[in-house]
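Chain residues, written in single-letter form:
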2 protein chains.
Amino acid sequence: MGRIKTNNNASRKDIILQKAAILFKEKGFKAASMRELAEVVGVEAASLYNHIKSKNELLHEICFNVANKFNEKLEQIESTDLSALQKTEELLRFHINSMVQNFDEVFVSDREWKYLSEPYLSNFQTQRRTYRKRFAAIIEDGIKKKEIKKIDATTAVLIMLHAISGIESWHRSKQKISGAELEENMIAILVGGLKK
Amino acid sequence: MGRIKTNNNASRKDIILQKAAILFKEKGFKAASMRELAEVVGVEAASLYNHIKSKNELLHEICFNVANKFNEKLEQIESTDLSALQKTEELLRFHINSMVQNFDEVFVSDREWKYLSEPYLSNFQTQRRTYRKRFAAIIEDGIKKKEIKKIDATTAVLIMLHAISGIESWHRSKQKISGAELEENMIAILVGGLKK
DNA sequence: TTCTTTTCAGCAAACGTTTGTTAGTGTATT
DNA sequence: AATACACTAACAAACGTTTGCTGAAAAGAA
């Protein structure tokens, strides 16, 4: 019957990806069915396959889109001559803003990546590990330069990244503070915990 | 053929629950099948139903077991006359230790509760909300008494609880620091971030 | 002890659904 | 006329769970 509406310069596939991210976030990748996705998109399930190859393709497009954005930002920050603490703060602010503004995709990438199929799964895991090591290197540099208190850098990264994924709860919450306030509070607690 | 082996005073149902927690943690609740669980237990799928009512029952037993333990601890801490900062630290240490020692169940309770069926789902969500409010009340009390810096208490709770759920990564990691070291580092960063 | 009976706990087979996906066909847009 | 995109119908595979049955262990009676 009705075609998928394409606004602006978004392709029909883009629409499907966007709706898929919302659905995967709400129900989880395994629990979300293609028939449900089709209903949200406003079309029969079989019609989706005119635009995508498989359910798995949807997941790995979402995951790698997000991963690429974070990698780019990390690279950009590494190339500046900010102090280690400033680099950490800027990376954290980027994570927080991404989570506030592109919640669905970032959340799915964070929580549902384990359902990626090979070889994407291995690739993603490697990228993830590498990203964390580079983040930890920034913190270790700060410790050497005595900007940051003497802690295990790996643990610090673990804490910060997971703390940010908790913005999920903020999204769900009824009486929420503003995104800007959330950002300032998170920075105060997280960066405050690093300072000497 | 072979029966489920019951050591000590663990019933066969206990064995199934324990294996289910491990499986749900690894594959996710929806992706884990009863046939897989049966294989891990060493029995045919149908045989599981001599001991349990349904797959859903497994999930809600796991989730409520964990929730009960945390509620008990919170109640106990509330009844002491420690300072707000000390209460926070003790609760955090309890969370960290639970995550280190009873990883499977705590992880499943944290990440897979959304697949609970009603009325357990609503019940669980309410308990969760209540728990966080009481935790936040401790922090707010600390802010009033000027032990803790002026931040949004709800955000602080969100950060701390999610940071702890990140111990998942620590479990997966190859070259890990000891559980005790992990605990001290997390406390240093998280409680350090609260102090004035 | 030995014999009988009840309970426990396993099995294979099948159930009705739901799953992701494909094939073939019609119809609107270009 | 050609291409893009929607539809209906169907597929095999996998799912949670039920049924009916079997043998072993536990309990009771002799």
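Treat the numbers as computed from the prediction; the structure is a model and nothing was measured. (Residues numbered from 1 in each chain as written. Chains lettered and ligands numbered in written order. Predicted model: local features only at pLDDT ≥ 70, side-chain atom pairs only at ≥ 80, totals over all residues. Heavy atoms only, no water.)

## Focus on the interface of chain B and chain A
Tallying the contact residues gives 37 residues for chain B and 37 residues for chain A. With both chains or domains summed, chain B and chain A bury close to 2,800 Å², and 65% of this area falls on carbon and sulfur atoms. Interface area lost by chain B to chain A is led by B:Ile159, B:His162 and B:Ile189, which between them contribute 21%. For the pair chain B and chain A, the number of links is zero salt bridges. At the junction of chain B with chain A, the criterion picks out twelve residue pairs in polar contact (both at pLDDT 80 or more). If you list the elements that add at least two residues to the side of chain B that touches chain A, you get α1 (12-27), α8 (153-165), α9 (167-172) and α10 (179-194) of chain B. Here the side of chain B that touches chain A is composed, by residue class, of 16 nonpolar, nine polar and twelve charged. (Contact = heavy atoms within 4.5 Å. Buried area = accessible area lost by both parts, 1.4 Å probe. Salt bridge = Lys/Arg side-chain N within 4 Å of Asp/Glu carboxyl O. Polar contact = N/O pair within 3.5 Å; in protein donor to acceptor, adjacent residues only side chain to side chain. Helix = DSSP H or I, 4+ residues; strand = E, 2+ residues; numbered from the N terminus. Nonpolar A, V, L, I, M, F, W, Y, C, P; charged D, E, K, R; others polar.)

## Observations concerning the protein's contact with DNA strand D
Among the 20 residues in the neighbourhood of DNA strand D, the closest are listed as A:Glu44, A:Ser47, A:Asn50, A:His51 and B:Tyr49. Close to the protein, within 4 Å, the atoms of DNA strand D belong to sugar or phosphate groups at a rate of 64%. Measuring from a base nitrogen of DNA strand D, one finds a side-chain N or O atom of B:Arg35 at 3.0 Å. Contributing elements (two or more residues each) for the surface near DNA strand D: α3 (45-48) of chain A together with α2 (34-41) of chain B. By residue class, the composition of the surface near DNA strand D is eight nonpolar, six polar and six charged. (Near = heavy atom within 4 Å.)

## Points about the packing of aromatic side chains
Think of a pair of aromatic rings as described by two things: how far the centres are apart, and how the planes are tilted against each other in angle. Within the structure shown, the criterion is met by 16 aromatic pairs over all chains. Look at A:Phe29 and A:Tyr115: their rings are 6.1 Å apart centre to centre, the planes differ by 25°, and that puts the pair in the stacked class. Of this pair, A:Phe29 sits in the loop between α1 (12-27) and α2 (34-41) while A:Tyr115 sits in the loop between α6 (103-111) and α7 (120-144), and the two are 86 residues apart along the sequence. By relative accessible area, which is 3% here, A:Phe29 ends up buried. Following the ring pairs from residue to residue traces out a cluster consisting of A:Phe64, A:Trp113, A:Tyr120 and A:Phe124. Taking the ring centre of A:Phe29 as reference, the NZ or CZ of A:Lys55 above it sits at 4.5 Å. Here the basic side chain of B:Lys176 rests over the ring of B:Trp170, its NZ or CZ set 4.8 Å away from the ring centre. (Phe/Tyr/Trp six-rings, centres within 6.5 Å; stacked < 30°, edge-to-face > 60°. Buried < 20%, exposed > 50% of the residue type's maximum accessible area, 1.4 Å probe, protein only. Lys NZ or Arg CZ within 6 Å of the ring centre and 35° of its normal.)

## A short note on unusual backbone geometry
Generally, phi is negative for residues other than glycine and the peptide bonds are trans, each holding for most cases. All names here are of chain A. Following Glu118, the chain continues to Pro119 via a peptide bond in cis, the omega torsion being 5°. Structurally, the position occupied by Pro119 is in the loop between α6 and α7. Positioned with a positive phi, Lys146 is a non-glycine residue whose angle comes to about 60°. Along the polypeptide, Lys146 turns up in the loop between α7 and α8 (153-165).

## Description of the relation of the copies chain B and chain A
The transformation that overlays chain B on chain A combines an axial shift of 0.0 Å with a rotation of 180°, and the residual RMSD is 0.1 Å. In symmetry terms, the pair is related by a two-fold rotation axis. Ranked by how close their C-alpha atoms come to the rotation axis, the residues of chain B are headed by B:Gly193, at 1.8 Å. (Least-squares fit on C-alpha atoms with pLDDT ≥ 70 in both.)

## A short note on the protein's contact with DNA strand C
Lining the immediate environment of DNA strand C, one finds 20 residues, of which A:Tyr49, B:Ile4, B:Glu44, B:Asn50 and B:His51 sit closest. The contact atoms of DNA strand C, taken as those within 4 Å of the protein, divide so that sugar and phosphate hold 60%. Between DNA strand C and B:Arg12 there is a distance of 3.0 Å, counted from a phosphate oxygen to a side-chain nitrogen or oxygen. A distance of 2.6 Å separates a base nitrogen of DNA strand C from a polar atom in the side chain of B:Asn50.

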